[in-house]
Amino acid sequence: MPFIPHTKEDTQSMLDVIGAKSIEDLFDEIPVELRAKPLENVPAGRSEMAVNRLVRQRAAEDVQPLCFIGAGAYEHHIPAAVWELTTRGEFYTAYTPYQAEASQGTLQLLYEFQTMMAELTAMDVSNASLYDGASSLAEAVLMAVRANRKSKSKRILVPRTVHPTYLKVVKTITQHQGITLEMLDYDIDGGHLNIDTLPSEPGDFTALIIPQPNFFGVLEDVDALTDWAHAHGALVIGVVNPMAMALITPPGEWGTEEAGIKGADIVCGEGQPLGVPLSSGGPYFGFMCCAQKHVRQMPGRIIGATNDLDGKPGYTLTLQAREQHIRRSKATSNICTNQGLLTTAATIYMSLMGPEGLRRTAANSHANSCTLTKQLNAIDGVETIFSRPGFHEKVLRLNKPVKEVLSALEDRGILGGYDLSAEFPELGNALLVCVTETKTEEDLQHYASSLQEALQETLAEVSA
Amino acid sequence: MSNVPNELKYTKTHEWVRTESDGSITVGITDHAQELLGDMVFVELPETDATYTSGDDCAVVESVKAASDIYCPISGEITSVNEDLADAPETINTDPYDTGWLFKLTPEDSGEVDELLDAEAYLELIAEEDH
Amino acid sequence: MSPEFTSGIKSNQLIFEHSATGRTNGAQMVEDVASASEIPEGLLRKTPPMLPEVSEMDAVRHYTRLSQKNFSIDTQFYPLGSCTMKHNPRACNTLALLPGFLGRHPLAPERFGQGVMACLWELQEILKDVTGMTAVSLSPMAGAQGEFAGVAMIRAYHDANNTSGNKSERSEIICPDAAHGTNPATATMCGYKVREIPTNTDGDIDVEALKEVVGPQTAGIMLTNPSTLGVFDRRIKEIAQIVHDAGGLLYYDGANLNAILGKVKPGDMGFDVIHMNLHKTFSTPHGGGGPGAGPVGVSERLKPFMPIPVVGKDVVGKDEGSFRWLTETDLPQSIGRLSAHMGNTGVLIRAYVYALLLGREGMVRTADYATLNANYLMARLAQAGFDMALPSRRATHEFILTLKRQAKDQGVTAMDFATRLLDYGFHAPTTYFPLIVPECLLIEPTETESKETLDAFADVMKTIQEEADANPELLKDAPYTLPVRRLDDVKAARELNLKYSPAKD
């Protein structure tokens, strides 16, 4: 019996204490007609050895080629110590730190995490994480509606440069709250949200979402957008790549003093680049930071420092009255878990990298992306679409259908990028290519020469 | 035993109401309510000029382990709120009937006050709850 | 040795306090290429973030030490009611961390993901059978997200079936007063009003009260069975009938599925939709508060509304036997997506490995021994003189002990007992939940604990009662032996300190 320690004698003596004849007797309150038939579609139990063999074969099937896909999930090197420490049983098998005295390890770590995220984004406070980047944006939208008490419209301005899947998730989660998501088109030359396309008439806007970098990898004109929002009484929701924050202006510093308020109001995003493997899509973690004045509207767990009976410093969950287990139907969110284990990894990752390690990783990724783009632009039939600078992703237009080119690249051991043509048909044969610090010069050359071949090959196929 | 001053009126949801000499109404939570909730850590007060109908939730008092809605006992317009509570929410614990008041309002119909519980009826109510 | 110091550093320091300007961890430094930047000056960060500047050893020591300040299943008995803190088998973790799974980009073509998709598809099949539902979507990232998906599906169903062509007028979700806080919070997120119904003194739902609140405005009811009171609601079929007759649907909160695994299928009880907490019943790690996974199972009528993506298997044609993601195209009425990709895939793999190890017999035994352990511990504690909230009922996988008498006579509370337990090396049971039982401890031992452990726990509870009899103050000031004494929650909430700021010289 896997994982059940009872001997026959144990079971018998326990039944004696209970005063039951058999284990079956313990289920005598369940109406007989409800008792289940045997589980036919569950396989018979197997030994660890047998399961090991099966699952290792499965994992071996998934080993993938050199990856140049980004689009919200990014391959970065993860120091070995990160997951060695994260999977220590004391972190891995601990519960949510409700019992503070027995959870000081997790609680102090989360306090350190909050400090690091607040530093990285230059915001006042951070929570202890949400599920993932997409759902964190949904929670940010709900939070903005609560926090912007002056606005009654529940109108959220959403640039089309926000990750399209994030937008779908926002729609799913906020659809029953009477919120209007108003889409703003992007500048076809720059690939960014042009300030001139924002509504010119005064109106009641609850919040403006600003992605940085945006889904195309392009850097938005964050200062002007932030000032516009604040001048129109809207809150600013930044959705950012935390790795990029080591290199570019963090949301806490967006805008100028002219609008009276500097900085974004709420910042969220996908934490995966900070020490979390690609993992077929999860588990990742979402993060959320905000200005101090909005802290009581923030969803999710928050850790605070305090003292114990002897005056010694310690950490505990705080502001719990916002949460579902106390506020029930009036809670700020139904969120119960955070992504504790992933924030553990991220905290250790940021400690091992430090400010310089993170900056170099970000700068290196950016430089690699620039190098590859230059090489690809030299190829006949490839051009960079957008003129504005980016972080580590670039949109290229090909003279062939992207799907065919990607397939030809796969045959050469390369995952060439993310095909934009379905979601952004107006861009034509557009491909989003990501390069991080993990790629070598040889990798970049291999990509460039393979793309050249692939384009010729598909050309040959078309003419044949 | 909780303090239940005779001169005040009460609601079933543990707010107290005092009619001031100018006809305005002051609202707070009772000594019994603050005991139940424990140490106050935060108070969310209504905006002045807002109008409420009796029974609307218009404020929240928060202790470490509970958050409780405050229901407007009398229909009317909020004229002022106790700003001091922002920095010292514990005043509700130490002095619920005086410096721990929550907000003042101008009633639409001062007759509504008469429909509230008097001290005796409120004492009965909390005795029943304790049972 | 002063307890404040270990190996030359203060034991309660933050990682930032080990930091020294300019200290770097050379092994993690890639080439400095700042000059290659195409980013204009105006968009560059001016001051670096205050992150720790420490060596690898500093970090390893610091986080190893921090881990040692935690209670965990690996180190302690953890009888947290409603949380199912069972052993987390190591094989589940080892296999989920295989490079093939970890290195795969979520947007890589399906042909590079057949291995992981095969695992997920089989997990869907297993969960369908266990719950008695028609289809399963694995995408919700936590129990609360599964709940959201479930209630959103109920809403989508009513809207789609409203003959007038307008949105449904059904506006209420019914929840028992003993429900998990996530239930009413979820109903609100889905735009519903919550109607609470009371529980009878025997722990079952008050069916008469239910009859009074159901009606044409009822969208559905959210239930846990076994309930949060640790008993099986015997009138569940009748409840299902009443709600269905009124046109409402039944939502099953799977928090307590461990108690009935392989014994009773929620689908057979009449439920239309269920979420499961894989981090409970299927033993994926709690990780200090996540990641969880909250797959949803649905009956035939809710199938079109499932959250996407779902793993599909081609049964005919050239791709026969291969797996693909079912998306908006396949399920156009879906409530939509809940995450950027496929939920918490790594957690799902762990649950899959666990399900394979248990197999069909192992699942039934899980419920058997979880129930045996709970009833045994309840009997031991009753013998020791403790009061049970529902003494006449069988325990399921958990039970409730009430310290109302002790609170009244001796002034010691459930919290005092809980914190004193820590001194004896046991994690505390769940306290003050469900809210309707005063001074309660909700105790769930799980099937993986031995008789010896349960005996030791019962003995310690008895010892603590004796301490309370002799000197109640001893309990009030507990714990004494942990890294910190009892913490001041009021200070934490009044004087918010949510991040470290270096002391100014």
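Use the structure listed above.
Since the structure is predicted, the reported quantities are computational estimates derived from the model, not experimental observations.

Draft legend 1. Quick peek at the overall build of chain B. Helix and strand content of chain B: 3 helices and 9 strands. Reading the secondary structure of chain B in the N-to-C direction produces β-β-β-α-β-β-β-β-β-α-β-α. Here the C-alpha atoms of chain B give a radius of gyration of 14 Å, agreeing with the 14 Å that 2.2 N^0.38 yields for 131 residues. Its C-alpha atoms put chain B at 35 × 35 × 25 Å along the principal axes. Among the 131 residues that make up chain B, the fraction classed as buried is 51%. Of all intrachain contacts in chain B linking residues separated by at least 6 positions in sequence, the fraction that spans at least 24 positions is 61%. A total accessible area of about 6400 Å² is found for chain B, and carbon and sulfur atoms account for 44% of it. Counting 5 positive and 32 negative side-chain charges, chain B places the centres of these two groups 3 Å from one another.

Draft legend 2. Inspection of the overall build of chain C at higher detail. Secondary structure summary: chain C contains 16 helices and 15 strands in total. For chain C, whose C-alpha radius of gyration is 26 Å, the value lies close to the compact-globule estimate of 23 Å for 505 residues. Each principal axis of the C-alpha atoms in chain C carries an extent, and together these give about 75 × 70 × 45 Å. Taken across its 505 residues, chain C has 65% of its residues classed as buried. Put simply, 71% of the contacts in chain C that link residues at least 6 apart link residues at least 24 apart. Of the roughly 16900 Å² of accessible surface on chain C, 50% is carried by carbon and sulfur atoms. Here chain C contributes 49 positively and 60 negatively charged side chains, and the mean placements of these two sets differ by 1 Å.

Draft legend 3. Molecular detail of the sheet that holds strand S14 (residues 430–431) of chain C. All names here are of chain C. Spatially, the 4 strands line up as an open sheet ordered S12-S13-S15-S14, and their pairing is antiparallel. Pairing within the sheet leaves two strands with one partner each, and these edge strands are strand S12 (387–388) and S14. For strand S13 (residues 399–402) and strand S15 (residues 440–443), the ladder comprises 4 bridges, and the chain directions are antiparallel. Among the inter-strand pairings, Ile 400 is bridged to a residue of S15, identified as Leu 442.

Draft legend 4. Molecular detail of the interface of chain A and chain C. Each side of the interface is counted separately: chain A has 186 residues, and chain C has 196 residues. Summing both sides of the interface, chain A and chain C together bury roughly 16400 Å²; the carbon and sulfur share of this comes to 62%. Taken together, chain A and chain C are joined by 9 salt bridges. Our count for the chain A to chain C interface comes out at 90 residue pairs in polar contact (both at pLDDT 80 or more).

Draft legend 5. Layout of the interface of chain C and chain B. Taken together, the contacts link 4 residues of chain C with 8 residues of chain B. Between chain C and chain B lies a buried interface of about 480 Å² when both sides are counted; carbon and sulfur atoms form 61% of it. Interface area lost by chain C to chain B is led by Asp 489, Val 490 and Arg 494 of chain C, which between them contribute 81%. Applying the counting criterion to the chain C and chain B interface returns 1 salt bridge. Between Arg 494 of chain C and Glu 90 of chain B there is a salt bridge, with its nearest N and O atoms 3.7 Å apart. One can count 1 residue pair in polar contact (both at pLDDT 80 or more) joining chain C with chain B. Considered class by class, the residues forming the side of chain C that touches chain B number 2 nonpolar, no polar and 2 charged.

Draft legend 6. Geometry of the nonpolar core. Membership of the largest hydrophobic core comes to 112 residues, with the highest contact counts inside it found for Met 363 and Leu 381 of chain C. The dominant element in this core, judged by the number of residues it contributes, is helix H11 (residues 345–383) of chain C, at 21 residues. In this structure Met 363 of chain C touches Leu 39 and Val 42 of chain A together with Ile 126, Val 130, Leu 261, Phe 282, Ala 355 and Leu 358 of chain C, once residues within four positions along its chain are discounted.

Draft legend 7. Quick look at helix H1 (residues 56–67) of chain C. In this model, H1 of chain C (12 residues) spans 16 Å end to end at C-alpha, consistent with the 16 Å of a helix rising 1.5 Å per residue. Residues of H1 of chain C that are buried: Ala 59, His 62, Tyr 63, Thr 64, Leu 66 and Ser 67 of chain C.

Draft legend 8. Geometry of the side chain of Thr 165 of chain A. Residue position: Thr 165 of chain A is located in helix H7 (residues 164–174). The exposure class assigned to Thr 165 of chain A is buried, which follows from its relative accessible area of 11%. Setting aside residues up to four positions removed in sequence, Thr 165 of chain A forms contacts with Arg 337, Ser 339 and Ala 340 of chain C.

Draft legend 9. Helix H13 (residues 414–423) of chain C, seen in detail. All names here are of chain C. The buried fraction of H13 is high, at 9 of 10 residues. All of the buried residues in H13 are Ala 414, Asp 416, Phe 417, Ala 418, Thr 419, Arg 420, Leu 421, Leu 422 and Asp 423. Buried residues belonging to H13 abut S14, S15, helix H14 (451–470) and helix H15 (472–476). Positive phi shows up at Gly 425, right after H13, with a value of about 85°.

Draft legend 10. Structural detail: the packing of aromatic side chains. Counted under the stated rule, the structure contains 25 aromatic pairs over all chains. Relative to Phe 216 of chain A, the ring of Tyr 186 of chain A lies with its centre 5.1 Å away and its plane at 70°, an arrangement referred to as edge-to-face. Here Tyr 186 of chain A is found in the loop between strand S4 (180–184) and strand S5 (207–212), whereas its partner Phe 216 of chain A is found in the loop between S5 and helix H8 (222–231), with 30 residues between them in sequence. Per residue, the accessibility class of Tyr 186 of chain A equals that of Phe 216 of chain A, and both read buried. Each member of the aromatic cluster is reached from another via a ring pair, and the members are Tyr 186, Phe 215, Phe 216, Phe 386, Tyr 418 and Phe 424 of chain A. Cation over ring: Lys 439 of chain A sits above Phe 68 of chain A, and NZ or CZ is 5.4 Å from the ring centre. A cation sits over an aromatic face here: Arg 155 of chain C above Tyr 192 of chain C, 4.8 Å from the ring centre.

Draft legend 11. Representation of a negative patch on the surface. Together, Asp 118, Glu 120, Glu 124, Glu 128 and Glu 129 of chain B give the surface a local cluster of negative charge. With respect to the secondary-structure elements, Asp 118 of chain B resides in the loop between strand S9 (103–107) and helix H3 (119–130).

Draft legend 12. Fine view of the pattern of salt bridges. Summed over the entire model, instances satisfying the criterion amount to 51 salt bridges over all chains. For Glu 90 of chain A, the salt bridge goes to Arg 88 of chain A, with nearest N and O atoms at 2.9 Å. In this structure, Arg 149 of chain A engages Glu 47 of chain B in a salt bridge whose closest nitrogen and oxygen atoms are separated by 3.5 Å. Here Glu 47 of chain B lies in the loop between strand S4 (40–44) and strand S5 (51–52) and Arg 149 of chain A lies in the loop between helix H6 (133–147) and strand S3 (155–159), a pairing that spans two chains. Given a relative accessible area of 40%, Arg 149 of chain A falls into the partly exposed group. The exposure class of Glu 47 of chain B is partly exposed, given its relative accessible area of 45%.

Calculation rules
- In this convention, every chain numbers its residues from 1, walking through the sequence in written order.
- The naming scheme follows written order: chains are lettered A onward, ligands numbered 1 onward.
- The predicted nature of this model means local features are confined to residues of pLDDT at least 70 and side-chain atom pairs, given and counted, to a pLDDT of 80 or more, with totals for whole chains, interfaces and linings taken over all residues.
- Only hydrogens and water are removed before side-chain values are computed, so all heavy atoms of the structure are retained for them.
- Only DSSP runs of H or I with at least four residues qualify as helices, and only runs of E with at least two residues qualify as strands; both kinds are numbered from the N terminus onward.
- We compute the radius of gyration over the C-alpha atoms and compare it with the globule rule, which gives 2.2 Å times the number of residues raised to the power 0.38.
- Relative accessibility under 20% of the residue-type maximum defines a buried residue, over 50% an exposed one, and the middle range a partly exposed one, all with a 1.4 Å probe and only protein chains included.
- Throughout, a residue-residue contact means that at least one pair of heavy atoms, one from each residue, lies within 4.5 Å.
- Only the protein chains shown count as covering a residue, and every accessible area follows the Shrake-Rupley method with a 1.4 Å probe.
- Positive charge is attributed to Lys and Arg, negative charge to Asp and Glu, and no charge count is given to His or to the chain ends.
- A single reference atom marks each charge: NZ on Lys, CZ on Arg, CG on Asp, CD on Glu.
- Here the rule is simple: two strands pair whenever DSSP picks up at least two bridges between them.
- We define buried area as the total accessible area lost by two parts upon association, computed with a 1.4 Å probe and summed across both.
- Whenever a carboxyl oxygen of Asp or Glu lies within 4 Å of a side-chain nitrogen of Lys or Arg, that contact is scored as a salt bridge.
- Side-chain atoms alone can form a polar contact between residues adjacent in sequence; in general such a contact is a pair of N or O atoms within 3.5 Å, and within protein one must be able to donate a hydrogen while the other accepts it.
- Ten residues, namely Ala, Val, Leu, Ile, Met, Phe, Trp, Tyr, Cys and Pro, are considered nonpolar, four, namely Asp, Glu, Lys and Arg, are considered charged, and the remaining ones, Gly among them, are considered polar.
- Remark: nonpolar core denotes a set of buried residues (Ala, Val, Leu, Ile, Met, Phe, Trp, Tyr, Cys) joined through side-chain atoms within 4.5 Å.
- Under the convention used throughout, the expected extent of a helix is 1.5 Å for every residue step, that is, one less than its residue count.
- Between 30 and 60 degrees the pair is tilted, below 30 it is stacked and above 60 it is edge-to-face, where a pair is any two Phe, Tyr or Trp rings, Trp via its six-membered ring, whose centres lie within 6.5 Å.
- Either the NZ atom of lysine or the CZ atom of arginine qualifies as a charge over a ring when it sits within 6 Å of the ring centre and within 35 degrees of the ring normal.
- The patch calculation keeps residues exceeding 30% relative accessible area without a salt bridge and links them within 9 Å when they carry like charges or within 5 Å when they are nonpolar (Val, Leu, Ile, Met, Phe, Trp, Tyr).

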